[in-house]
Amino acid sequence: MKKYLLLFFVLITFAFAKAQNYKTVTYFANDTLKLEMDVFVPKGKSKEKLPLVVHVHGGGFSGGERSSDRDFTKKAAEQGFVAANITYTLYMKGKSFSCDGKLPEKIKAIQIAANQLQQAVIYFLKNESTYNIDPAKVFISGSSAGAETVLHAAFWDSKMMNMYSESLPANFKYAGVISGAGAIMDLNLITPKNLVPVLFFHGSCDTTVPYGTAAHHYCPPNSPGWLMLFGSYSIYNHIIGLKGNTKLVTYCGGGHEYSAELFHNDPLQIIDFMKGTLKNEKQQSHTIVATGKECQKYAEYEFCK
């Protein structure tokens, strides 16, 4: 009986390991911190250098797991991308990230996450030959807090906001960004000089991260955690005004529950966007998806009626 049980556990372990098909590596470590990521690599050898996508999970900078969006990174690897899910410091754990929080702490949480994402990218650039990566084809993606992370990582002045000794090369630029229910603190951060293609998806009635322009959590201005944010719709229009490449998927009536919708239920739409970007296709579109839900507190957009 013990022999059969042992065989059973060996088979289960083997099947689990085969299903995982990723490798966990440490991308950053110092005396007090160790950060890991799960890396999916396409099967077979490629003569051409591969594109990379690095993904950041959501969770309000206080929770969440890097495993939450593994289906997306696994699918990306199947489509020829090196793909990684990172762990980052959950700076707001045990703290409030809402209206009663402290504004400097909220900004610091985003800054830490954006810098640690950049360290993950630096790891891949330093190991370019190991992973057969093309440094000109690096995408970053995230949902919710992860989306706020990738937008700031792409458009903040990385030298000004840098927190670590190593930084990205001066001429480095992301190939593109995928943002699920994300926002940025200042539209002026996005300029013709640093503009890159961005795919957005967002619920029009999101009361956590605004779809348009509003305070985070729609906090009143006298709140200690009051933070104005420019959400997907506002950034999309800004990029259109700059004649950039961008796509927006709006879930009319949807809330923050759609922050990972494409990562979980339609990853090929994201992969198609990345492949189109690599082909230098001009991409400007707004897809409107009816959810059957209605806004109870905030005004609907005309195109949702």
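Please refer to the structure higher up on the page.
On a predicted model such as this, the values are computed, not experimentally measured, just so you know.

1. Quick notes on the pairing of strand β8 (residues 198–203)
Thinking step 1. Within β8, 6 of the 6 residues are buried, leaving the element largely enclosed by the surrounding structure.
Thinking step 2. Where burial is concerned, the two faces of β8 agree: the one with Val-198, Phe-200 and His-202 and the one with Leu-199, Phe-201 and Gly-203 are both buried.

2. As for the packing of helix α2 (residues 70–78) against helix α9 (residues 267–278)
Thinking step 1. Where α2 meets α9, the closest approach of the two axes is 10 Å, and the angle between their N-to-C directions is 50 degrees. Classified by the angle their axes make, α2 and α9 are oblique. Like other packed secondary-structure pairs, α2 and α9 cross with a definite hand, here right-handed. Contacts between α2 and α9 pair Phe-72, Lys-75 and Ala-76 from the former with Pro-267, Leu-268, Ile-270, Ile-271 and Met-274 from the latter.
Thinking step 2. A per-class count over the contact of α2 with α9 returns 7 nonpolar, no polar and 1 charged.

3. Here we look at the state of the cysteines
Thinking step 1. In this structure the tally under the stated criterion is 3 disulfides.
Thinking step 2. A sulfur-sulfur distance of 1.5 Å marks the disulfide that ties Cys-205 to Cys-295. The chirality of the disulfide connecting Cys-205 with Cys-295 is left-handed, given an S-S dihedral of about -75 degrees. Of the two residues, Cys-205 is situated in the loop between β8 and β9 (213–215) and Cys-295 in the segment after β12 (284–290); the sequence distance between them amounts to 90 residues.
Thinking step 3. Looking at Cys-205, the relative accessible area reads 10%, which means it is buried.
Thinking step 4. Covalently, Cys-252 is tied to Cys-304 through a disulfide, its sulfur atoms 1.9 Å apart. Around the S-S axis, the bridge from Cys-252 to Cys-304 shows a dihedral of about -75 degrees and counts as left-handed. Of this pair, Cys-252 sits in strand β11 (residues 246–252) while Cys-304 sits in the segment after β12, and the two are 52 residues apart along the sequence. Residues Cys-252 and Cys-304 agree in their burial class; the two are buried.
Thinking step 5. Looking at the protein, its bonded cysteines, counted consecutively from the start of the sequence, adopt the pairing 1-3, 2-5, 4-6.

Definitions and cut-offs
- Sequence order as written defines the numbering, with residues in each chain counted from 1.
- Residue-level local features of this predicted model are given only where pLDDT is at least 70; pairs of side-chain atoms are given and counted only at 80 or more, and the full residue set underlies all totals for whole chains, interfaces and linings.
- No hydrogens and no water enter the side-chain calculation; it runs on all heavy atoms of the structure.
- Partly exposed describes any residue whose relative accessible area lies between the buried limit of under 20% and the exposed limit of over 50%, with all areas from a 1.4 Å probe on protein chains only and scaled to the type maximum.
- Starting at the N terminus, helices and strands are each numbered in turn, a helix being any DSSP run of H or I of at least four residues and a strand any DSSP run of E of at least two.
- For helices, the fitted line uses only the C-alpha atoms of the stretch in contact; every axis is such a line through C-alpha atoms, and the angle between N-to-C directions lies from 0 to 180 degrees.
- For classification, angles of less than 35 degrees are called roughly parallel, those exceeding 145 degrees roughly antiparallel, those between 65 and 115 degrees roughly perpendicular, and all remaining angles oblique.
- Helix crossings get a hand from a simple test, with the near helix turned counterclockwise from the far one by less than a right angle marking a left-handed crossing and a clockwise turn marking a right-handed one.
- Should any heavy atoms of two residues lie within 4.5 Å, those residues are counted as being in contact.
- Each residue is assigned to one of three groups, with Ala, Val, Leu, Ile, Met, Phe, Trp, Tyr, Cys and Pro labelled nonpolar, Asp, Glu, Lys and Arg labelled charged, and all others, Gly among them, labelled polar.
- Count a disulfide wherever a pair of cysteine sulfur atoms falls within 2.5 Å.

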